[in-house]
Amino acid sequence: MRWPVSTSRLRRWVKLALEGEVAHLNLRLVGAEEGRQLNAQWRHADKPTNVLTFAYTQQAPWEADLIFCLPVIETESERAGMPLAQHLAHLVIHGVLHARGMDHELPAMAALMEAREVRLLARLRMPDPYKAMDARA
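As the structure is a computational prediction, the values presented were derived from the model and not from experiment.

Visitor: Can you walk me through the sheet that holds strand β2 (residues 51-55) in this structure?
Guide: Pairing between sheet strands relies on hydrogen bonds along the backbone, with the strands arranged either parallel or antiparallel. What the three strands build is an open sheet, ordered β1-β3-β2; its pairing is mixed. One side of each edge strand has no neighbouring strand; the edge strands of this open sheet are β1 (23-30) and β2. Taking the axes of each pair of neighbouring strands and ignoring which way they run, one obtains an average angle of 15° across the sheet. As defined by bridge partners, β2 adjoins strand β3 (residues 62-69) across five bridges and the pair is classed as antiparallel. Each bridged residue has a counterpart across the sheet, and for F54 the counterpart in β3 is D65.

Okay, structure coming up:
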C-alpha cells in the first residue's frame, strides 16, 4: 500500500502540527482488516477507523505511532466531497495533536483541539473540515 501523497507533504503536515516541538513519530498505512483489528484490540470498536494514535510520552520529545486506514480515509473524503489529500492532511494533524497529548473526550477539550486543527489547516490554505463534514451530514 502506498501513500496517496508525497513524503515531503506528509513531513510538512507533521512539522506544522508539531509547532516547533521535537518528536519521533512513525506514520503507517494499513488496510481495512488490519485497521479493524487494531481498533478492536485497542479501542474495543469492531470496525476500522481513520487514524489511531499510540502515544508513548507525555511531553516533548513526543514519541508515537500513527496508524492511518486508507480505505476508511478514502470513503470519508468521498462522502464529505473533499479531496483525499485535504482529508489526509487533517487526519495527520489530528493524529499528531493526539501524540502531543490533546484529545476530544470532553466537549471543552474537543473544541480546543478542533480549533487548533482548523487554524493549522488554514495555514495550508485548507478549509475547515468540520464545516465540510457537517454540510454533508
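Visitor: Is there a simple way to explain the pairing of β3 in this structure?
Guide: Consecutive side chains of a regular strand alternate in pointing toward one face of the sheet and then the other. Among the eight residues that make up β3, seven are buried, leaving the element largely enclosed by the rest of the structure. Here β1 pairs with β3 via eight bridges, running parallel. In the sheet register, R28 faces β3, and the bridge partner there is I67. Taken together, β2 and the strand that follows it, β3, pair antiparallel across an intervening segment of six residues.

Visitor: I'm lost on the pattern of salt bridges in this one. Help?
Guide: Pairs can form between side chains of opposite charge whenever their charged atoms are close. Taken as a whole and assessed by the stated rule, the structure comprises seven salt bridges. The partner of E19 in a salt bridge is R100, with the nearest N and O atoms 2.8 Å apart. One end of the pair, E19, is in the loop between α1 (7-18) and β1; the other, R100, is in the loop between α4 (84-99) and α5 (107-123), and 81 residues separate them in sequence. Of the charged contacts in the structure, one is a salt bridge between E19 and R116, with a shortest N-O distance of 3.6 Å. With E19 in the loop between α1 and β1 and R116 in helix α5, this pair connects stretches of sequence that are 97 residues apart. Taking relative accessible area as the criterion, E19 reaches 30% and is therefore assigned partly exposed. Salt bridges sharing partners connect three or more residues here, namely E19, E21, R100, R116 and R119.

Visitor: I tried to follow the packing of aromatic side chains on my own but got confused; where do I start?
Guide: Two numbers describe a pair of aromatic rings. These are the distance of the centres and the angle of the planes. Taken as a whole and assessed by the stated rule, the structure comprises two aromatic pairs. With 5.6 Å between their ring centres and 70° between their planes, W3 and F68 make a pair best called edge-to-face. In this pair, W3 is assigned in the segment before α1 and F68 in strand β3, connecting sequence segments 65 residues apart. Take F68: its relative accessible area is 0%, and that puts it in the buried class. Seen in terms of ring centroids, W42 and F54 are 5.7 Å apart; in terms of plane orientation they differ by 75°. Their pairing is edge-to-face. Here the residue W42 occupies a position in helix α2 (residues 32-43), and F54 occupies one in strand β2, the gap between them amounting to 12 residues.

Basis of the calculations
Residues numbered from 1 in each chain as written. Predicted model: local features only at pLDDT ≥ 70, side-chain atom pairs only at ≥ 80, totals over all residues. Heavy atoms only, no water. Pairing = 2+ DSSP bridges. Helix = DSSP H or I, 4+ residues; strand = E, 2+ residues; numbered from the N terminus. Axes fitted to C-alpha atoms, helices over the stretch in contact; angles between N-to-C directions. Buried < 20%, exposed > 50% of the residue type's maximum accessible area, 1.4 Å probe, protein only. Salt bridge = Lys/Arg side-chain N within 4 Å of Asp/Glu carboxyl O. Phe/Tyr/Trp six-rings, centres within 6.5 Å; stacked < 30°, edge-to-face > 60°.

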